[in-house]
Amino acid sequence: MHLGQLGQAFVRSAAYERRFLTKNHWDFSMVVWIPLATVLLVWWIFSQTQITDLPIGVIDQDNSAVANTAVRYLEASPTLTVRQLYYSQAEAEAAILQRDIYAVVIIPEDFSRNILSNKPAPLILQVNAQYGTHSGIIQAGVQAVASTISAGVEIKRLVKQGVAPSQAMTAYAPISIQRISLFNAATNYQQFLASTVIPALLHILAMVVGATTIGRELRDKNIGRWYHFISTATPDLTSSNPAATTSSRTTSVLKIKQGGEGLTALSARSAAPDSVSISVLLFGLLGKYCWPILAYSLWSALILWLANPNQTTSIMSLIAVYIGLLCLITLSFWLGAIFTLNSFSLRMGLSTTGFISAPSYAFAGVTFPYIAISDSAQYWSNVLPLTHYLKLHIAQLQMQAPIAVSLPIVYGLGFATITALLLATLLTKRALTHPERWGAR
């Protein structure tokens, strides 16, 4: 088949889909407005890049100068804020249950007396560990305050014994830790979470769009009509003149009756084609999905622009990440189509895409360490395309890794995208040859 004919199949299919999107606002929103709103909303949620002023409560049972110092230090911590002083544990527990505070620090009786007597004087921290991020930050902040107070008390005691202040500091902590954060040194949650959550959400939306774009043709028994149009340009669905369209359909009916076939226009449009061309189908699918691919490519560029505001990443790394993200999104379209075509049911296709795409971020190793999950979960993680893209994303945009490290991932995503397109084409051909299974929900 000539390349010009294949190009015409692409254009006709794109025109067919454009006409549908302009008349169906929900499908148009899934392509344009919902992904755009998702990108902007998630980025706005993480607009405060660092977690500060987590509210805690304090129960001061000692009421001493040292206890007051501990409260002031807790308030001065950048990650903590003392919301209220409580006088009973019941009040503090009620505040935790209502999420007014996330933890309570209890300063026990005889706190200062035990310090002066060189006896253990613990600060008791009760934290709501249901919120992992909150509890971790609060524990680190309270630990820093306790260490500071403890160091001050010990150094002061050694100085009173005649030890020089510099020697007292060395004697108290002969071994110190020098911590250097190699990546995300500012603990920027917008860079760490938002820039990885958004591709995961677009991955889910893209699989839904992929399933519905071809699934609605099966559900409405229009897949034969679509193929007739892209291969022969009949009926003329792109005409904006209803009278012309009606006239064309009337002529078609007359021709069919004159030929003795005895079919109505609807059955003629919906009948399975006598022969199906793989190349026409391939270009037809590309045309049918060209508008979602074009729209999501714009949202992908927006993501990278937001994730790299200071322009510190090299051009080659940005190009590699952008190509990888486009491959992920396009692969998501084809996977959604494959699940629907394989089951001949839009409902089953959507269910499968939700089952696979929705929890994929949990298996990607971003919020939970990849090496800590079970072997079976690691196998499942390696099958998911989102896992490999996020490895590329983090390595290039956050770790500034050499481009050669991530090129195999780009090649792998590209190969998977082409393979999925060919498989979707073959499944579409199979669907066209089984009109008895059209119409399933």
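For the structure, see preceding data.
Residues numbered from 1 in each chain as written. Predicted model: local features only at pLDDT ≥ 70, side-chain atom pairs only at ≥ 80, totals over all residues. Heavy atoms only, no water.

**Q** I'm lost on the overall build of the protein chain in this one. Help?
**A** Broken down by element type, the protein chain carries 19 helices and four strands. The burial tally for the protein chain puts 44% of its 441 residues in the buried class. Put simply, of all contacts in the protein chain between residues at least 6 apart along the chain, 77% involve residues at least 24 apart. Carbon and sulfur atoms provide 62% of the accessible area of the protein chain, an area that totals close to 23,100 Å². (Helix = DSSP H or I, 4+ residues; strand = E, 2+ residues; numbered from the N terminus. Buried < 20%, exposed > 50% of the residue type's maximum accessible area, 1.4 Å probe, protein only. Contact = heavy atoms within 4.5 Å. Areas by Shrake-Rupley, 256 points an atom, 1.4 Å probe, with all protein chains shown as cover.)

**Q** What is the right way to read a nonpolar patch on the surface from this model?
**A** Together, Ile180, Leu182, Phe183 and Met399 make up a nonpolar patch on the protein surface, roughly 440 Å² of accessible area in all. Checked against the element boundaries, Met399 lands in the loop between α18 (385-398) and α19 (403-432). (Patch = residues over 30% accessible without salt bridge, like charges linked within 9 Å, V, L, I, M, F, W, Y side chains within 5 Å. Salt bridge = Lys/Arg side-chain N within 4 Å of Asp/Glu carboxyl O.)

**Q** Is there a simple way to explain the sheet that holds strand β1 (residues 54-60) in this structure?
**A** Across a sheet, paired strands are connected by hydrogen bonds in the backbone, their directions being either parallel or antiparallel. Here four strands make up an open sheet; going across it, the order is β2-β1-β3-β4 and the pairing mixed. Since the sheet does not close on itself, it has two edges, and those belong to β2 (80-86) and β4 (124-127), each with one partner. If you compare each strand with its neighbour and ignore which way they point, the axes differ by 25 degrees on average. Sitting on the sheet, helix α5 (residues 89-97) is in contact with β1, β2, β3 (103-107) and β4, with an inclination near 160 degrees to β3. Lying over the sheet, helix α7 (residues 132-160) contacts β1, β2, β3 and β4, oriented at roughly 170 degrees with respect to β4. (Pairing = 2+ DSSP bridges. Axes fitted to C-alpha atoms, helices over the stretch in contact; angles between N-to-C directions.)

**Q** I would appreciate a short explanation of the nonpolar core in the present structure.
**A** Note that soluble globular proteins tend to have their nonpolar side chains buried in a common cluster. Among the nonpolar cores identified, the biggest contains 76 residues, and Leu202, Ile223, Trp226, Tyr227, Tyr296, Tyr361 and Tyr389 are the most heavily contacted of them. Considering each element in turn, this core owes the most residues, 14 residues, to helix α15 (residues 315-343). Those residues in contact with Tyr227, other than ones at most four positions away along the chain, are Pro273, Ser275, Val276, Ser277, Val280, Leu281 and Leu432. (Core = buried A, V, L, I, M, F, W, Y, C linked by side-chain atoms within 4.5 Å.)

**Q** Just to check I follow, could you spell out the pattern of salt bridges for this structure?
**A** Note that side chains of opposite charge can pair when their charged atoms are close. According to the stated counting rule, one finds six salt bridges in the structure shown. Lys288 is paired through a salt bridge with Glu17; the nearest N and O atoms lie 2.9 Å apart. Here Lys288 is found in helix α13 (residues 278-288), whereas its partner Glu17 is found in helix α1 (residues 3-23), with 271 residues between them in sequence. Its relative accessible area of 0% is what places Lys288 among the buried residues. With a shortest N-O distance of 3.1 Å, Asp220 and Arg219 are connected by a salt bridge. Taken together, the shared-partner salt bridges in this structure form one network comprising Glu17, Asp27, Arg216, Glu217 and Lys288.

**Q** Would you take a moment to explain the environment of Gly57 for this structure?
**A** By secondary structure assignment, the location of Gly57 is in strand β1. In the structure, Gly57 is positioned 24 residues away from Thr81 in sequence and 8.4 Å away in space, judged by C-alpha atoms. Not counting residues within four places of it along the chain, the set of residues in contact with Gly57 comprises Gln84, Tyr86, Ile101, Ala103, Val104 and Val105.

**Q** Looking at this structure, how should I read the side chain of Thr212?
**A** The topology assignment puts Thr212 in helix α9 (residues 189-219). In this view, Thr212 contacts Leu346 and Leu350; residues no more than four positions away in its chain are not counted.

**Q** Help me out: how do you make sense of the packing of α9 against helix α14 (residues 290-307) in this one?
**A** When two helices pack together, their arrangement is given by the angle between the helix axes and the distance between those axes. The geometry of α9 relative to α14 is characterised by a closest axis approach of 10 Å and an angle of 175 degrees between their N-to-C directions. It follows from the interaxial angle that α9 and α14 lie roughly antiparallel. When α9 is examined against α14, the residues Ser195, Ile198, Pro199, Leu202, Leu205, Ala206 and Val209 are found in contact with a partner set consisting of Pro292, Tyr296, Trp299, Ile303 and Ala307. Taken together, the residues of the contact of α9 with α14 break down into eleven nonpolar, one polar and no charged. (Parallel < 35°, antiparallel > 145°, perpendicular 65-115°, else oblique. Nonpolar A, V, L, I, M, F, W, Y, C, P; charged D, E, K, R; others polar.)

**Q** Whenever I open this one, the side chain of Asn222 confuses me. Can you help?
**A** Structurally, Asn222 can be placed in the loop between α9 and α10 (223-232). Taking the relative accessible area as the measure of exposure, Asn222 reaches 17% and is therefore buried. Asn222 has contacts with Tyr16 and Glu217, leaving out every residue within four places of it along the chain.

**Q** Looking at this structure, I do not really get the packing of helix α4 (residues 65-76) against α7. What am I missing?
**A** Relative to each other, α4 and α7 sit at 135 degrees, their axes nearing to 10 Å. Relative to α7, the element α4 lies oblique. Like other packed secondary-structure pairs, α4 and α7 cross with a definite hand, here right-handed. Each of Ala70, Tyr73 and Leu74 in α4 lies in contact with α7, whose residues at this interface are Val142, Val145, Thr148 and Ile149. Of the residues belonging to the contact of α4 with α7, the class tally is six nonpolar, one polar and no charged. (Left-handed = near helix turned anticlockwise from the far one by under 90°.)

**Q** I tried to follow the packing of aromatic side chains on my own but got confused; where do I start?
**A** Two aromatic rings, taken as a pair, are described by how far apart their centres are and by the angle between their planes. Following the criterion strictly, the structure yields six aromatic pairs and no others. Seen in terms of ring centroids, Phe28 and Trp33 are 6.5 Å apart; in terms of plane orientation they differ by 70 degrees. Their pairing is edge-to-face. Between Tyr289 and Trp334, the ring centres sit 4.9 Å apart and the planes meet at 65 degrees, which makes this aromatic pair edge-to-face. Highlighted residues: Tyr289 in the loop between α13 and α14 and Trp334 in helix α15, separated in sequence by 45 residues. (Phe/Tyr/Trp six-rings, centres within 6.5 Å; stacked < 30°, edge-to-face > 60°.)

**Q** Could you clarify how one ought to interpret α1 in this entry?
**A** In an α-helix, one full turn covers 3.6 residues, which means residues spaced three or four apart are oriented alike. Look at α1: 31 Å from first C-alpha to last across 21 residues, which is about the 30 Å you get at 1.5 Å a residue. Burial in α1 covers these residues: Leu6, Ala9, Arg12, Ser13, Ala14, Ala15, Tyr16, Glu17 and Leu21. Where α1 is buried, its residues contact α2 (25-31), α9, α10, α13 and α14. (Expected span 1.5 Å × (residues − 1).)

**Q** So what exactly am I meant to see when it comes to the environment of Arg430 here?
**A** Structurally, the position occupied by Arg430 is in helix α19. C-alpha separation for the pair Arg430 and Val276, spaced 154 residues apart in sequence, amounts to 9.4 Å. Apart from the residues within four sequence positions on either side, Arg430 is in contact with Leu341, Asn342 and Phe344.

**Q** Please clarify how unusual backbone geometry should be interpreted in this entry.
**A** Glycine aside, residues mostly have negative phi angles, and peptide bonds mostly take the trans form. Positioned with a positive phi, Arg99 is a non-glycine residue whose angle comes to about 60 degrees. Structurally, the position occupied by Arg99 is in the loop between α5 and β3. Of note, Gln400 is a non-glycine position whose phi angle comes to about 55 degrees, a positive value. The class of Gln400 is partly exposed, set by a relative accessible area of 42%.

It is worth stressing that arrangement in space is one thing and function is another; only the former is reported here.
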